[in-house]
Amino acid sequence: MIDLRRLLALAAVALLALSTGTAVASPAKTKPAAAAPAAPAAPPPVPFEPLPPPKIYLFRGAMGPFFSTGMDRLEEKLTQAGFSANVYEFTICRWIGDRAISSYKETPAPIVLIGHSMGGLCSIVISEMAAKENIPISLVITIDPAHATGDVPLNVERFINIYLSDSVLGGGNVVAVPGYRGHYASYDLKENARVSHINIEKSDDIHRQIVDMVTQLPRIPPQTQVDAVPLRYLVPANTLVELWDSGVRQPVRRGDTMESIAAANRVPLWSLAQSNSLPENATLTPGQSIIVPRHLTPPEPTAAMATPPAARR
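Model, not experiment: these values are computed from the prediction.

Asker: Go over helix α5 (residues 118–132), please, and point to the residues and values.
Answerer: Compared with an ideal rise of 1.5 Å per residue, which puts 15 residues at 21 Å, α5 spans 22 Å between its outermost C-alpha atoms and is within 8% of the ideal. Residues of α5 that are buried: Gly119, Gly120, Leu121, Cys122, Ser123, Ile124, Val125, Ile126, Ser127, Met129 and Ala130. Each element contacted by the buried residues of α5 is listed here: β1 (55–60), α4 (93–106), β3 (111–116), β4 (139–143) and β5 (158–163). Two residues or fewer past α5, Asn134 is found with a positive phi of approximately 60°.

Asker: Can you explain the environment of Val267? Please cite residues and give values.
Answerer: Along the chain, the position of Val267 falls in the loop between α7 (258–264) and α8 (269–276). Counting along the chain gives 25 residues from Val267 to Glu242, while the straight-line C-alpha distance between them is 9.0 Å.

Asker: Go over the packing of aromatic side chains, please, and point to the residues and values.
Answerer: Scanning all chains against the criterion turns up seven aromatic pairs. Each ring, one from Phe59 and one from Tyr88, has its centre 6.0 Å from the other, and the planes form 35°; the classification is tilted. Pair noted here: Phe59 is in strand β1 and Tyr88 is in strand β2 (residues 84–89), with a separation of 29 residues, a long-range link. Looking at Phe59, the relative accessible area reads 0%, which means it is buried. Consider the rings of Tyr233 and Trp270, whose centres lie 5.3 Å apart with planes at 80°: the pair is edge-to-face. Placement of Tyr233 in strand β7 (residues 231–234) and of Trp270 in helix α8 is noted, with a sequence separation of 37 residues between them.

Asker: Lay out α4 with the relevant residues and their values.
Answerer: End to end, α4 covers 20 Å across 14 residues, agreeing with the expected 20 Å (1.5 Å per residue, within 8%). Buried residues along α4 sit in contact with β1, β2, β3 and α5.

Asker: Please give an account of the pattern of salt bridges that cites residues and values.
Answerer: Pairs can form between side chains of opposite charge whenever their charged atoms are close. A full pass over the atoms with the stated rule returns 10 salt bridges. Ionic pairing is found between Glu201 and Lys202, a salt bridge with its closest N-O pair at 2.6 Å. When its relative accessible area of 1% is taken as the criterion, Glu201 is described as buried. Of the charged contacts, one joins Asp227 and Arg294 as a salt bridge, the two residues approaching to 3.4 Å between their closest N and O atoms. In this pair, Asp227 is assigned in the loop between α6 (204–216) and β7 and Arg294 in strand β9 (residues 289–294), connecting sequence segments 67 residues apart. For Asp227, a relative accessible area of 35% corresponds to the partly exposed category. A residue is classified by how much of its surface remains accessible, and Arg294, at 15% relative accessible area, is buried. Residues joined in a network through salt bridges with shared partners are Arg60, Asp72 and Glu89.

Asker: So what's going on with the sheet that holds β5? Residues and values would help.
Answerer: Taken in spatial order, the seven strands make up an open sheet running β2-β1-β3-β4-β5-β6-β7, and their pairing is parallel. One side of each edge strand has no neighbouring strand; the edge strands of this open sheet are β2 and β7. For this sheet the average axis-to-axis angle between neighbouring strands, irrespective of direction, equals 10°. Contacts from helix α3 (residues 69–80) reach β1, β2, β3 and β4, with the element oriented near 165° to β1.

Asker: Run through the packing of α3 against α6, naming residues and quoting values.
Answerer: The N-to-C vectors of α3 and α6 enclose an angle of 40°; their axes lie 10 Å apart at closest approach. One finds that α3 runs oblique with respect to α6. Between α3 and α6 lies a crossing of right-handed hand. Together, Gly70, Arg73, Leu74, Lys77 and Leu78 of α3 and Asp204, His207, Ile210, Val211 and Val214 of α6 make up the contact between the two elements.

Asker: Tell me what's going on with the confidence of the model for the chain, and back it up with residues and numbers.
Answerer: The predicted model of the chain averages 85 in pLDDT, with 78% of residues at 70 or higher. For the stretch residues 7–36, pLDDT sits under 50, and the model shows one contact to residues farther than four places along the chain or on other chains. Note that residues 301–313 has pLDDT below 50 and, in this model, 37 contacts with residues that lie over four places away or in other chains.

Asker: Can you lay out the packing of α4 against α5 for me, pointing to particular residues and giving the numbers?
Answerer: Following both chains from N to C, one finds α4 and α5 inclined at 45°, their axes separated by 9 Å at the closest point. One way to sum up the angle between α4 and α5 is to call them oblique. Seen from above, α4 lies across α5 with right-handed handedness. From α4, Cys93, Arg94, Gly97, Asp98 and Ile101 reach across to α5, where they touch Cys122, Val125, Ile126, Met129 and Ala130. Considered class by class, the residues forming the contact of α4 with α5 number seven nonpolar, one polar and two charged.

Asker: Please set out the state of the cysteines residue by residue, giving values where relevant.
Answerer: Throughout this description, disulfide means a covalent bond between two cysteine sulfur atoms. Scanning the model with the defined rule gives one disulfide in all. In this model Cys93 forms its disulfide with Cys122; the gap between the sulfur atoms is 2.3 Å. Of note, the bridge from Cys93 to Cys122 carries an S-S torsion of about 100° and is right-handed in sense. Of this pair, Cys93 sits in helix α4 while Cys122 sits in helix α5; the two residues are 29 residues apart in sequence, bridging distant segments of the chain. Note on Cys93: relative accessible area 8%, which makes it buried.

Rules used in this analysis
- Residues numbered from 1 in each chain as written.
- Predicted model: local features only at pLDDT ≥ 70, side-chain atom pairs only at ≥ 80, totals over all residues.
- Heavy atoms only, no water.
- Helix = DSSP H or I, 4+ residues; strand = E, 2+ residues; numbered from the N terminus.
- Expected span 1.5 Å × (residues − 1).
- Buried < 20%, exposed > 50% of the residue type's maximum accessible area, 1.4 Å probe, protein only.
- Contact = heavy atoms within 4.5 Å.
- Phe/Tyr/Trp six-rings, centres within 6.5 Å; stacked < 30°, edge-to-face > 60°.
- Salt bridge = Lys/Arg side-chain N within 4 Å of Asp/Glu carboxyl O.
- Pairing = 2+ DSSP bridges.
- Axes fitted to C-alpha atoms, helices over the stretch in contact; angles between N-to-C directions.
- Parallel < 35°, antiparallel > 145°, perpendicular 65-115°, else oblique.
- Left-handed = near helix turned anticlockwise from the far one by under 90°.
- pLDDT = per-residue confidence, 0-100.
- Nonpolar A, V, L, I, M, F, W, Y, C, P; charged D, E, K, R; others polar.
- Disulfide = S-S within 2.5 Å.

And the structure:
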């Protein structure tokens, strides 16, 4: 006769063995890996709306109708290019400054100030007037300004000084105020015996570059100016001025030379040497920082590096 208790015990043992084997054969289920959160999409670039055409104010120096006629020629070229440009005597400087400020408040547009001799001094005076009203000045160009010309204020975005350091009538070696972050370039032409205080503002080549620069101004997008390095040059004799905006630092790569960097950036070797206070054949070290003159927009294909023609008087 079958022992019922023994039969039940055997069944329990078999059932236990079966369940254990099944557990060993079937691997434990693991939790699915959590999906990595998607990186936030970069915001689309804000489209840049070109600025309105600039308003240009030009100023003659003392006895301007006789000795600053280059300002009148430049005004004609700017007007022919479609800009609002007018030439004034420096003697009404503050009155024109008040008009420029009022015009900007009514219809904001980039302001460009260009002056020869005392007219250069006037350009800085108006810039200082605008600074008190928190009005930016897009571009100031002074051409052999008077010695008494003040410093470039912080509201000037781009400043260029073309002067003769040994000039008695001009010779203003204009500098910027401490903390200036804009674009700055200074060109001393005293080595060029063909340039004087009464013809320095008449250069057709400089006029062409100024018209090009003014044309480009509305198309230059807003940008931080922390990388702008001021440029100061003693321009070699018989060399035309190329109006760079400022300098920019770039690292030297293995195999770079002063000559190769100048060629790659389409700048004359002398400018690279002066920017960095180095001889033209200096040995460079990889990783070394070097200052290269630059344009905020590409220059015209014809670079201004040839011998200038005799300026008209």
